[in-house]
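Chain residues, written in single-letter form:
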Amino acid sequence: MKLNKSIIMCSVAAIFLLLGCGGGGGSTTLSTNTEDDTNTTTPPPSKTTSIQGIAQLGIVKQANVEIFKVTDYINARFEKLYTETTSDGDMNSAGRFNTHSAELEDDRFYVYQVSGGIDIDTNDDGVEDEVQVSNKGVFRALVKGSWLKEMTDDTFRVTAVSEYLYQKCYNEIAYTEFDRGVGIQYWADWESQKILETDLNGDGIINPQDILVFNPINDRESLSQLVNDKYTLMVDDIHNQNDSYAVNLRNVYSTISPLQKVDYLNSMPESYATKISPDDQTLYKVGDDYFSIIDVTDPKAIRYIGVVADDGARDLAISHNGNTAYTVSYRGLSVIDISNASDPQVITTYPIDLAGEIVISDNDQTLYIDDDRYGLKIFDVSDRTTPQLISSYAFDEPANNARVTSLALSSDNRVLYVTNTTKGLKALDVSDPANPNEIAGIAMTYPEKVVLSPDDSVAYVSDGTTGIKAVDVSDLNQMTMLSMFADGPDEYARSITISEDGEKLFVAGTGTRVRAYDIKNPARPVLLDDDTYMEDLSPTPIHITASHDGTMLYLSNGISSHMSIYFLGMHNEAIQ
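Only a predicted model underlies this, so the values are computations on that prediction, with no experimental measurement involved.

*Asks:* Kindly report on the overall build of the chain, identifying the contributing residues and their values.
*Replies:* When you go through the chain residue by residue, the secondary structure sums to seven helices and 38 strands. Sorting the 576 residues of the chain into buried and exposed places 59% on the buried side. In the chain, 59% of the contacts between residues at least 6 apart in sequence involve partners at least 24 apart. Accessible area for the chain stands at about 22,000 Å²; split by element, carbon and sulfur atoms hold 45% of it.

*Asks:* Describe the sheet that holds strand 17 (residues 324-329), listing the residues and the values that go with them.
*Replies:* On the basis of which strands lie adjacent, the open sheet formed by four strands has the order 16-17-18-19 and antiparallel pairing. Bordering the open sheet on either side are strand 16 (313-318) and strand 19 (345-351), each of which pairs with just one other strand. Strand after strand, the sheet turns through a mean of 20° between neighbouring axes, direction not considered. For strand 17 and strand 18 (residues 332-337), the ladder comprises five bridges, and the chain directions are antiparallel. Of the residues in strand 18, the one forming a bridge with Thr327 is Ser334.

*Asks:* So what about the pairing of strand 14 (residues 290-295)? Which residues, and what values?
*Replies:* A large share of strand 14 lies buried, amounting to five of its six residues. The sheet contact formed by strand 13 (residues 282-287) and strand 14 spans six bridges and is antiparallel. Paired with Thr282 across the strands is Asp295, a residue of strand 14.

*Asks:* Describe the nonpolar core, listing the residues and the values that go with them.
*Replies:* Core analysis: the largest hydrophobic core is formed by 52 residues, its most contacted members being Tyr112, Val143, Leu148, Phe156 and Ile195. Here the element with the most residues in this core is helix 3 (residues 160-173); it accounts for six residues. Core analysis: the next-biggest nonpolar cluster, separate from the first, contains 16 residues, Val415, Ile442, Val473 and Met479 among them.

Cut-offs applied
- Residues numbered from 1 in each chain as written.
- Predicted model: local features only at pLDDT ≥ 70, side-chain atom pairs only at ≥ 80, totals over all residues.
- Heavy atoms only, no water.
- Helix = DSSP H or I, 4+ residues; strand = E, 2+ residues; numbered from the N terminus.
- Buried < 20%, exposed > 50% of the residue type's maximum accessible area, 1.4 Å probe, protein only.
- Contact = heavy atoms within 4.5 Å.
- Areas by Shrake-Rupley, 256 points an atom, 1.4 Å probe, with all protein chains shown as cover.
- Pairing = 2+ DSSP bridges.
- Axes fitted to C-alpha atoms, helices over the stretch in contact; angles between N-to-C directions.
- Core = buried A, V, L, I, M, F, W, Y, C linked by side-chain atoms within 4.5 Å.

Put into structure tokens, the structure is as follows:
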């Protein structure tokens, strides 16, 4: 199924932007949004009967149900129409509520929101539990009036799966500003076919109506493997609404498939690499023969702060004091004064053959630069105006096509991890930068990028068509392969980055694909989701930078392409 991106991205951005804490009462009520001057309540179309609703993680009795109408797609205004309470009783009678589906407009979108209540069947075995669980969280269903009216089943269920779809649609369209709800239908159709593998209502197609009839007791096998593996965790998170709820929502519901592009920088025809400031407000970029400083405080309204010519730059490092940028290119090293962000100035240059990647020590005294042709070069930059080459390290002869491809420095600045096309992953003791010494290594196929976990215990390496390799480097006397994932001949893993909390790994590879993995257990990484629909990323992204707060992803696509900025956050709060 191939959807037109321009159609999909229209619409609903704002549908979910105002979601905050909700409350409710016990009896049926009808209310209007008095703040919405442009939308007045119109009598809903009449119909003789409404279908029944069930709130079901397991069956949830005595829960608050709020029914919202999206009244303004551009300004994200909602109108609370009804408040219901799910029925008490046993498995055959509890959890029911009036959907008011007969009163809904066919072409409007609504959100059913369930909060509180008591789950009487937490293991979904169809038998009422002796020990029942209070639900502290919120779960929802996104519906269109016509979806409910066209249902052949007489029961509509709000479940963890409908919450999953709600989250998917929210993240795909957040931060756009288009009228009407055209995009919601397209994304709901698209995501439904990734959530379910079975047509549940028998109409010959998997679509959102199937999500609305999903019954956890009978239909778990209809879920895709990705969703089924995480279903119990999703339900537990909703039940508990504890500190892990938001984290697990981001992880379980994925941070990648729902990437929403908030700005596409057509004014930047090349982007090779980026770095983000500690406060996430300033982005530094090399590409298009320029070094650029960009204000990304508002990702929807980015602006250039300063630019300086920097021919052929391919990577960069920013000093921890924020005053200096170091860039590398096929010409060598450039040192740029950025103390005045609006007027960056090149201080000096140093020739290096085919420099490719650069890292800087925490004390801003030492630079490590890979030289595609000759290996590693280490510079003393205690005086930034006169970089001094203090040592070099060669891994193989150039005639053997050896090429250093990536560097990662441990947090204590004592170990440098280096990937090399013929030698795999190597660890160098650089406690004395003037005398680097190889202390460990492990074979790889064609490593492109290495990143370290925050505690320096695991190195993740993108290793071409063999995928990502997680290597235990806690004991450098014996590097140990923990896991291999994202592998396959059609999944050439090229660029990777790790979240600051060390829990997620983002992978970019061939096929304009970006994937996210839960790596809390590096021996058993879990695919959170992947996105094959990022056609704006062609060619393959060559560099990824994640913001420190975990909400943004910056992708550089190299020559003849662009940089893209994507929002990674989830939306967990209730509508109010």
